[in-house]
Amino acid sequence: MPFKIADDPETNYRELVRTAYNRCAMDYAGQRRTTPEPELNLITEHLAPGSKILDVGCGAGIPVAQHLAGMFNLTGIDISSNMIALAKKNVPTAEFIIANVMETEFPAGRFDAIVSFYAIFHIPRQEHQDLLRRFAQWLRPGGLLLFTVARYDDGPGYTEDDFFGGTMYWSNFGPSTYKKFLTETGFQIEKDGIVGGGSGSIDAPEEVHPFFFAIKREGL
Ligand SMILES: C[S@@+](CC[C@H](N)C(=O)[O-])C[C@H]1O[C@@H](n2cnc3c(N)ncnc32)[C@H](O)[C@@H]1O
């Protein structure tokens, strides 16, 4: 069976994700398109040069961190040490941290923007509202947030047996839940839609992902 409900109490699914990306870092990076998603313009066109941006689940740094580091002060965070090793080589001007984003602290208001492409769906979904709360804390008032999730609607987390030859874990809510979470955690949604369809994602034309672009409300 290629897909299985992820309900094994003996399995540490976060560890599974870390191990899987350590194993496939080179292969994943080799297949990732080198042009950034057009939706990244939502961030770049609104920020002054030198603004501070956090890239969550930055992977090997291409294309997103590399594109942003040319104009901005970029920090990338990723749970996979092999991904971060590649990112450091690919984007020498940025700062990179090996860490689980759910166990990381940054000073309040530290960032002007946070981006996260194709990463949040690897974190157990019961933690997603807390993650958005963390993002709100790390952003300055008026700060920007751009992230993608997975296309499928609400359902339990699952594993896939053949993700670059290994097992991978996915967990996600449907888009309406993220809209509710964003509003509850202090964001105003500016735009949402679909990333992908061959427009810059991993080389799979059928692969599309909902995205959300939101602003941290002033006065929070
Ligand atoms: C599909 S890759 C996307 C990489 C990159 N954002 C891109 O656009 O190509 C997902 C990345 O999220 C990272 N990741 C997964 N769970 C994480 C967590 N809890 N904290 C930090 N990074 C995580 C993985 O190690 C992996 O590099």
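The rules behind these values
Residues numbered from 1 in each chain as written. Predicted model: local features only at pLDDT ≥ 70, side-chain atom pairs only at ≥ 80, totals over all residues. Helix = DSSP H or I, 4+ residues; strand = E, 2+ residues; numbered from the N terminus. Rg over C-alpha atoms; globule rule 2.2 N^0.38 Å. Contact = placed C-beta atoms within 7 Å. Buried ≥ 20, exposed ≤ 12 C-beta atoms within 10 Å, placed from the backbone. Bend = angle between axes of the 7 residues up to and from the residue. Pairing = 2+ DSSP bridges. Axes fitted to C-alpha atoms, helices over the stretch in contact; angles between N-to-C directions.

Draft legend 1. Focus on the overall build of the chain. Looking only at helices and strands, the chain has 6 helices and 10 strands in total. Against the globule reference of 17 Å for 220 residues, the chain gives a C-alpha radius of gyration of 16 Å, in line with a compact fold. The dimensions of the chain, computed from C-alpha atoms along their principal axes, are 50 × 35 × 35 Å. Excluding contacts between residues fewer than 6 apart, the proportion of contacts in the chain whose partners are at least 24 apart in sequence is 69%.

Draft legend 2. Just unusual backbone geometry, in detail. Here the bond from Ile-62 into Pro-63 is cis, since omega is 5°, no more than 30 degrees from zero. By the element assignment, Pro-63 lies in the loop between strand S2 (52–56) and helix H3 (64–69). Its identity as a non-glycine residue notwithstanding, Tyr-118 has a phi of 60°, on the positive side. Position of Tyr-118 relative to the elements: it lies in the loop between strand S5 (111–116) and helix H5 (128–138). Classification of Tyr-118 by C-beta neighbours within 10 Å gives buried; the count is 22. If you check the backbone angles, Phe-164 has positive phi at about 50° while not being a glycine.

Draft legend 3. Spotlight on helix H1 (residues 13–31). Its maximal kink placed at Cys-24, H1 deviates by approximately 65°. For H1, every residue scored as buried is listed here: Val-17, Arg-18, Ala-20, Tyr-21, Cys-24, Ala-25 and Tyr-28. Close packing links the buried residues of H1 with helix H4 (81–90), strand S7 (158–163) and strand S8 (166–170).

Draft legend 4. Spotlight on the sheet that holds strand S10 (residues 208–216). The strand order across the open sheet built from 7 strands is S4-S3-S2-S5-S6-S10-S9, with neighbouring strands paired in mixed fashion. Each edge of the open sheet is held by one strand with a lone partner, namely strand S4 (95–98) and strand S9 (187–196). The sheet shows a mean angle of 15° between the axes of neighbouring strands, taken without regard to direction. The pairing of strand S6 (residues 139–148) with S10 spans 5 bridges and is antiparallel. Within the sheet, the bridge partner assigned to Leu-146 lies in S10 and is Phe-213. Sitting on the sheet, H5 is in contact with S2, S5, S6, S9 and S10, with an inclination near 140° to S6. Across the sheet, helix H6 (residues 175–184) touches S9 and S10, and the angle it forms with S9 is around 150°.

Draft legend 5. Focus on the sheet that holds S8. Ordered in space as S1-S7-S8, the 3 strands form an open sheet in which the pairing is antiparallel. At either margin of the open sheet sits one strand with a lone partner, and together these are strand S1 (3–5) and S8. In this sheet, neighbouring strand axes are inclined to one another by 25° on average, regardless of whether the strands run parallel or antiparallel. In this sheet, S8 lies alongside S7 in antiparallel orientation, the contact comprising 4 bridges. Opposite Phe-163, over in S8, you have Gly-166 as the bridge partner. Against the sheet, H1 engages S7 and S8, with an angle of about 130° to S8.

Draft legend 6. Focus on H5. Listed as buried for H5 are His-128, Leu-132, Phe-135, Ala-136 and Trp-138. Elements in contact with the buried residues of H5: S2, S5, S6, H6, S9 and S10.

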